Amino acid sequence: MSSVFRTRPIRRRTALVGLSAGAVAGLAACSNSGDGKNNGKASGKGGHAQSSSAPSEKSSEWTSAEASLIDMTEATLNPEAEGKTVTTPRFAKARNLTQATEVVRNRLLREAHWDDTDKVDIKASILAAAQNVVGVAVLGSLGTSEANVPCTIWYDARKKQSFAPTALIEAAKWGDFAKAVHDAAAEAKLDPSAVDHALIEKSAPYGNGPAMAFNPDGELVLAFRAGAAGSDPARLVIDAEAFLSDLGKLAKDASVTPAQFTGEPSEELEHFTPKRHVAKPIDSPNRPSDGSENQSSAASDGGGADATQGQSDSTEVPEPTPGGAVRPSTAIGYDVFLEHCVALTYDDGPGARTPELLDVYKKAKAATTFFEMGNSIKEHRKTTLMVAAAGFELGNHSVTHPDLKRKSRERVEKEVNENSDLLAEVTGFEPLLFRPPYGSHNETVDEIVASRGMAIVQWDVDTLDWKTKDTAKTITAAVEGAEKYTEPIALMHDIHDATVDAAEQILSQLNDAGYIPVTVSELTLNTGGLEAGHAYCSGTGKKQNGFNCKG
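It should be emphasised that the depicted structure is a prediction, and the values quoted were computed from it without experimental measurement.

## Some words on helix H7 (residues 354-364)
A turn of α-helix holds 3.6 residues, and therefore any two residues three or four places apart point the same way. Within the sequence span of H7, burial applies to Thr354, Leu357, Leu358, Val360 and Tyr361. What you see down the axis of H7 is that its buried residues fit within an arc of 160°, all on one side. Against the buried residues of H7 lie helix H2 (95-114), strand E10 (340-347), strand E11 (369-372), helix H9 (381-389) and helix H14 (497-512). Lys365, located one to two residues past H7, shows a positive phi value of around 50°.

## Some remarks on the pattern of salt bridges
Summed over the entire model, instances satisfying the criterion amount to 26 salt bridges. For Arg411, the salt bridge identified is with Glu415, shortest N-O distance 2.9 Å. Placement of both Arg411 and Glu415 in helix H10 (residues 409-427) is noted, with a separation of four residues, approximately one turn of the helix. Given a relative accessible area of 2%, Glu415 falls into the buried group. Three or more residues are tied together by salt bridges with common partners; here these are Arg353, Glu356, Asp497 and Asp501.

## Here we look at the side chain of Thr540
Relative to the assigned elements, Thr540 resides in the segment after strand E18 (535-536). According to the relative accessible area criterion, Thr540 is buried, its value standing at 6%. Of the polar contacts made by the side chain of Thr540, one reaches the backbone oxygen of Thr524; its length is 3.0 Å. In contact with Thr540, other than residues within four places in its own chain, are Phe272, Pro274, Glu487, Thr524, Thr527, Gly529 and Leu530.

## Concerning the pairing of strand E3 (residues 120-129)
Extensive coverage of E3 is indicated by the burial of eight of its 10 residues. By the bridge criterion, three bridges tie strand E2 (residues 84-91) to E3 in an arrangement that is parallel. Each bridged residue has a counterpart across the sheet, and for Lys84 the counterpart in E3 is Val120. Taking the sense of rotation as the criterion, the β-α-β connection linking E2, H2 and E3 turns out left-handed. With nine bridges joining them, E3 and strand E4 (residues 133-142) adopt antiparallel strand pairing. Directly across from Ala128, in E4, lies its bridge partner Gly135. Where E3 folds back on E4, the antiparallel hairpin that results is connected by three residues.

## A closer look at the confidence of the model for the protein
Per-residue pLDDT for the protein has a mean of 88; in total, 86% of the residues score no lower than 70. Segment residues 303-312: pLDDT under 50, and 32 contacts once partners within four positions in sequence are set aside and those in other chains are kept.

## A few points about the environment of His197
Here His197 shows up in helix H4 (residues 192-199). On the basis of relative accessibility, which here comes to 42%, the residue His197 falls in the partly exposed class. Residues His197 and Ala229, 32 residues apart in the sequence, show an inter-C-alpha distance of 9.0 Å.

## Some remarks on empty space enclosed by the protein
Sizing a probe to match a water molecule and rolling it over the atoms shows the empty space that remains. In total, this model carries four cavities of 30 Å³ or more according to the counting rule given. What the largest cavity holds in volume is close to 230 Å³. Those elements giving two or more residues to the lining of the largest cavity turn out to be H2, strand E12 (393-396), H10 and helix H15 (520-524). Across the lining of the largest cavity, the residue classes break down as nine nonpolar, five polar and seven charged.

## A few points about the packing of aromatic side chains
Evaluated as defined, the whole model comprises 10 aromatic pairs. Taking the centre distance of 5.4 Å and the plane angle of 80° together, the rings of Tyr206 and Tyr334 count as edge-to-face. Of this pair, Tyr206 sits in the loop between H4 and strand E7 (211-214) while Tyr334 is found in the loop between helix H6 (298-301) and E10, placing the two residues 128 residues apart along the sequence. Its relative accessible area of 10% is what places Tyr206 among the buried residues. Taking the relative accessible area as the measure of exposure, Tyr334 reaches 13% and is therefore buried. With 6.2 Å between their ring centres and 85° between their planes, Tyr361 and Phe392 make a pair best called edge-to-face. Taken together, the positions of Tyr361 in helix H7 and Phe392 in the loop between H9 and E12 put the pair 31 residues apart, joining distant regions of the chain. An aromatic cluster of three or more residues is present, and its members are Tyr346, Tyr361, Phe370 and Phe392. Sitting above the plane of the Phe429 ring, Arg105 keeps its charged end 3.6 Å from the centroid. Here Arg235 stacks its cationic end above the ring of Trp62, 4.2 Å away from the centre of that ring.

## Considerations on the packing of H10 against helix H11 (residues 443-451)
Packed helices, taken two at a time, are described by their axes: the angle between them and the distance between them. Their axes nearest at 10 Å, the elements H10 and H11 cross at an angle of 40°. Relative to H11, the element H10 is oriented oblique. In this structure, H10 crosses over H11, and the sense of that crossing is right-handed. From H10, Arg409, Val412, Glu413, Val416 and Asn417 reach across to H11, where they touch Thr444, Val445, Glu447, Ile448 and Val449. Of the residues belonging to the contact of H10 with H11, the class tally is five nonpolar, two polar and three charged.

## Brief notes about unusual backbone geometry
Across the junction of Ala204 and Pro205, the peptide omega takes the value 10°, indicating a cis bond. On the secondary structure map, Pro205 appears in the loop between H4 and E7. For the bond from Gly349 to Pro350, the omega torsion is 5°, close enough to zero to count as cis. Relative to the helices and strands, Pro350 resides in the loop between E10 and H7.

## Regarding the side chain of Asn419
Relative to the helices and strands, Asn419 is located in helix H10. Using a relative accessible area of 0% as the deciding quantity, one classes Asn419 as buried. Among the polar contacts listed, one links the side chain of Asn419 to the side chain of Asn396, at a separation of 2.8 Å. Discounting residues that sit within four places of it in the chain, Asn419 has contacts with Glu372, Met373, Gly374, Ile377, Asn396, His397, Ser398, Val399 and Lys414.

## Remarks on the sheet that holds strand E5 (residues 149-156)
What the six strands build is an open sheet, ordered E1-E2-E3-E4-E5-E6; its pairing is mixed. Only two strands of the sheet have a single neighbouring strand rather than two, namely strand E1 (72-76) and strand E6 (161-163). In this sheet, neighbouring strand axes are inclined to one another by 25° on average, regardless of whether the strands run parallel or antiparallel. As defined by bridge partners, E4 adjoins E5 across eight bridges and the pair is classed as antiparallel. Following the sheet pairing, Val134 is matched in E5 by Tyr155.

About the cut-offs
- Residues numbered from 1 in each chain as written.
- Predicted model: local features only at pLDDT ≥ 70, side-chain atom pairs only at ≥ 80, totals over all residues.
- Heavy atoms only, no water.
- Buried < 20%, exposed > 50% of the residue type's maximum accessible area, 1.4 Å probe, protein only.
- Helix = DSSP H or I, 4+ residues; strand = E, 2+ residues; numbered from the N terminus.
- Arc of directions from axis to C-beta.
- Contact = heavy atoms within 4.5 Å.
- Salt bridge = Lys/Arg side-chain N within 4 Å of Asp/Glu carboxyl O.
- Polar contact = N/O pair within 3.5 Å; in protein donor to acceptor, adjacent residues only side chain to side chain.
- Pairing = 2+ DSSP bridges.
- Right-handed = clockwise from strand over helix to strand, strands pointing away.
- pLDDT = per-residue confidence, 0-100.
- 1 Å grid on protein atoms, 1.4 Å probe; cavity = no way out; pocket = protein on both sides within 12 Å on 5 of 7 lines; lining within 4 Å.
- Points joined across faces, edges and corners; volume = space filled by probe spheres on them.
- Nonpolar A, V, L, I, M, F, W, Y, C, P; charged D, E, K, R; others polar.
- Phe/Tyr/Trp six-rings, centres within 6.5 Å; stacked < 30°, edge-to-face > 60°.
- Lys NZ or Arg CZ within 6 Å of the ring centre and 35° of its normal.
- Axes fitted to C-alpha atoms, helices over the stretch in contact; angles between N-to-C directions.
- Parallel < 35°, antiparallel > 145°, perpendicular 65-115°, else oblique.
- Left-handed = near helix turned anticlockwise from the far one by under 90°.

See the structure below:
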């Protein structure tokens, strides 16, 4: 391969504006000129002081923190993926933030794949850093030279959890915030109704919800993707001080006055405790809220302790409405308590027909995770890169598929490390997930897998496709398994013809039943995510017991 992945420190970056002057022209309260003052604050111009002679106008640029404040490395898509330039950070001391960043990146890549977008540029910058919080911008330029899909992620180190930008706003104050945004849209001659509707959608890239971050003066800048508030991307600047949640206030301070992020928060707070029972929508730590449920932290900044979950006077989750007082979900992507999600996974590939499988998922606009084997990758290298470039998740499945529990430490290291290195060489992305052949592992395997930063992903739905090699039986097993289990992970193999033939009907029937096929990382992100060296058989919103699924 012409490009070999190397983990390296991230170079210092300037703020990624992502929107040209033309994109924000006409916004009455916004400009890219800054306010003429710096006062030691983080700058929206890459850390440089603004000229004191500049006019006093609100800046629509986000802040930028120095990369040296955080222990990071870069992952860059192999440039052999024609037309795609993709680089995103990984965080040594914030695994959930790494997971969130890659979930957003892969969704952007899938969106481009679904729409046959040839030119793709995805890059990231650090918006804010401090002891308790990190802000990340991921900007997608899909089919254009300008960033038309801006995304922001906010990581609360106290909870070890990443949140959508809606978590910056106090739930009880969402109605006032929504009115302020509506009024600003009208003043800027945007369509206030379109802005009202976008404000309660999933945050980009999953919907039209705006990315949110702060400018150097601490004002909140909302960035709307193309088509959300008009045909072009647009930004609004809001004085949101009165509406900020606890996380929002920390994020603002970390934006204006960035500091070192060490991974050691000032305190530890419980975001979520997995349930033993089948979780209900009201159990979601990220649920929509108007702030009225017992003043719980879940209603304020995107998550609270188990003691507050499900303790509302009402068991119904309020529905956000345009311009209304209900803050939408603070989850990134899918809230598995509010939406029926299933992670369909494929082992042992890539196979000769894996490209056909990708086409089926493209047609359905669905996601999946592939656990690829080294020997198969060597035979179908281009397919592995195709999988990564199309935004599907890739995991390590060893080189030769041995029972690792019965092998020496040296052999386990060879199987695990060589395949992670191979996946990184071929795609540019080192895997975060590992599936042991036959699901067989022990403490030695776990230790080696953890040393490479990977979580162990098992399954609770075994379609037995490898045994039956029967399309109809595989369809039935996958669909019935999804309906039977909570946050299920289903096992299949893309090296079998019958399995590839089953995919279209599996996706169709799941769609008819109201299920959303997601990646393993999407399934688990918003309820703590996956920890390196731990094993999981289902999503993390469910209590898991036993060595194979200790969670």
